[in-house]
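# Chains, contacts and geometry: an overview
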Protein chains: 2
Amino acid sequence: MPKLIKTGTGEKLTRQREAVLGVIREREDHPTANDIFEAARRRLPGISYATVYNSLRFLREAGLVHEIKFGDSASRYDRETDRHDHALCSQCGKLVDFDLPQAAELMKAAARRSKFKPESVHLTLKGVCPDCCA
Amino acid sequence: MPKLIKTGTGEKLTRQREAVLGVIREREDHPTANDIFEAARRRLPGISYATVYNSLRFLREAGLVHEIKFGDSASRYDRETDRHDHALCSQCGKLVDFDLPQAAELMKAAARRSKFKPESVHLTLKGVCPDCCA
DNA sequence: TTGAGATTTAGACTAACTCTAAATCATAGG
DNA sequence: CCTATGATTTAGAGTTAGTCTAAATCTCAA
């Protein structure tokens, strides 16, 4: 069902990789590698920690999952692979996806200012989420 | 000379903290904690690794330095404490500061989309720096 | 001069990965 | 059906960046 973008010899969507992808796809939130390891172990009891990391790298390079790195603590993984931005709640730590429609112009403006040849932009909003505001 | 923003009992700009601040202030680039440790040791030979980290936390909380965390590898420190954005070269890894004048509106737009009460925005451009472009 | 609190120090510890080498698996050729 | 070649997985050791701890040292007001 999932289309592999990545080609090259011997890069298959194995049982383990499928389990990891399944875990990420069925979750609404943004699990860490460790969360994924625990959930994947429920589907495939023998799966190892290293394999989860290997699978995450494979899936990321294949464009099937998106890795979010804030410097704080562990990377989080996201089933949403289209370009988008993140809002991080300063109270509860919740991470929410959103998309800024003006992203393309934004990238151009940032490129003009920095003199870089642009490849991608990512915006992070820090603030208080609706739940914590209430 | 540096104004302490942070007050509260017993939070002094000690010799060690001043050395750390001095290292950051005299550099054009964005050193890691380890770079800072090595440079600070040249000024204050006995300074310990832990003290550099303690000082960096102190200086950050006092608003005297800015910490940049990309998920990749170590945090970097920046003498520029005003709000600004970063461009990261995908070829050579160089990190450059720039400022987007429309940041305030941007924050509002992001807040609208995400429904968060905004506190700060940060934008990261990935691309190729002028040196690598040439 | 003293002593209470702040700060520094060395080094142990931790979290989050990454690496390694041996075992296992998948499959194309015989 | 066998086999062997390369890809993949595994357990566990290693690494990196940073935090913690407890003892030593410093500072300064009383």
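Structural notes, computed from the coordinates. What you see is a predicted model, and the numbers here were worked out from it, not measured in a lab. (Residues numbered from 1 in each chain as written. Chains lettered and ligands numbered in written order. Predicted model: local features only at pLDDT ≥ 70, side-chain atom pairs only at ≥ 80, totals over all residues. Heavy atoms only, no water.)

The subject of this paragraph is the sheet that holds strand 3 (residues 85–89) of chain A. Pairing between the strands of a sheet is mediated by backbone hydrogen bonds and can be parallel or antiparallel. As summarised here, the arrangement of the 6 strands in space is 4(A)-3(A)-5(A)-5(B)-3(B)-4(B), forming an open sheet in which the pairing is mixed. With one partner strand each, in any of the chains shown, strand 4 (95–98) of chain A together with strand 4 (95–98) of chain B form the two edges of the open sheet. Taking the axes of each pair of neighbouring strands and ignoring which way they run, one obtains an average angle of 25° across the sheet. With 4 bridges connecting them, strand 3 (residues 85–89) of chain B and strand 5 (residues 117–128) of chain B associate as parallel partners. Paired with A87(B) across the bridge in strand 5 of chain B is L125(B). Contacts from helix 4 (residues 103–114) of chain A reach strand 5 (117–128) of chain A together with strand 3, strand 4 and strand 5 of chain B, with the element oriented near 110° to strand 5 of chain A. (Pairing = 2+ DSSP bridges. Helix = DSSP H or I, 4+ residues; strand = E, 2+ residues; numbered from the N terminus. Axes fitted to C-alpha atoms, helices over the stretch in contact; angles between N-to-C directions. Contact = heavy atoms within 4.5 Å.)

The next thing to look at is the packing of helix 1 (residues 15–26) of chain B against helix 3 (residues 49–61) of chain B. Relative placement of two packed helices is described by the angle separating their axes and the distance separating the axes. Residues and elements named next belong to chain B. Look at helix 1 against helix 3: their axes get within 9 Å of each other, and the N-to-C directions meet at 75°. Considering their axes alone, helix 1 and helix 3 lie roughly perpendicular with respect to each other. Along its contact with helix 1, which presents Q16, R17, V20, L21 and I24, the element helix 3 presents T51, V52, S55, L56, F58 and L59. In the contact of helix 1 with helix 3, the residues fall into 7 nonpolar, 3 polar and 1 charged. (Parallel < 35°, antiparallel > 145°, perpendicular 65-115°, else oblique. Nonpolar A, V, L, I, M, F, W, Y, C, P; charged D, E, K, R; others polar.)

Turning our eyes to something else, we now look at the interface of chain B and chain A. Many authors give the size of an interface as the accessible area that is lost as the parts come together. Taken together, the contact between chain B and chain A spans 39 residues of the former and 39 residues of the latter. Here chain B packs against chain A, burying approximately 3000 Å² in sum over the two surfaces, 68% of which is carbon and sulfur. Its largest share of buried area at the contact with chain A, chain B owes to R113(B), F116(B) and L125(B), together 21% of the area lost on that side. There are 0 salt bridges connecting chain B and chain A. Our enumeration of links across chain B and chain A arrives at 10 residue pairs in polar contact (both at pLDDT 80 or more). For the side of chain B that touches chain A, the elements supplying multiple residues, two or more each, are strand 3, strand 4, helix 4 (103–114), strand 5 and helix 5 (130–133) of chain B. Among the elements that take part in the side of chain B that touches chain A, strand 5 of chain B stands out by supplying 12 residues, more than any other. (Buried area = accessible area lost by both parts, 1.4 Å probe. Salt bridge = Lys/Arg side-chain N within 4 Å of Asp/Glu carboxyl O. Polar contact = N/O pair within 3.5 Å; in protein donor to acceptor, adjacent residues only side chain to side chain.)

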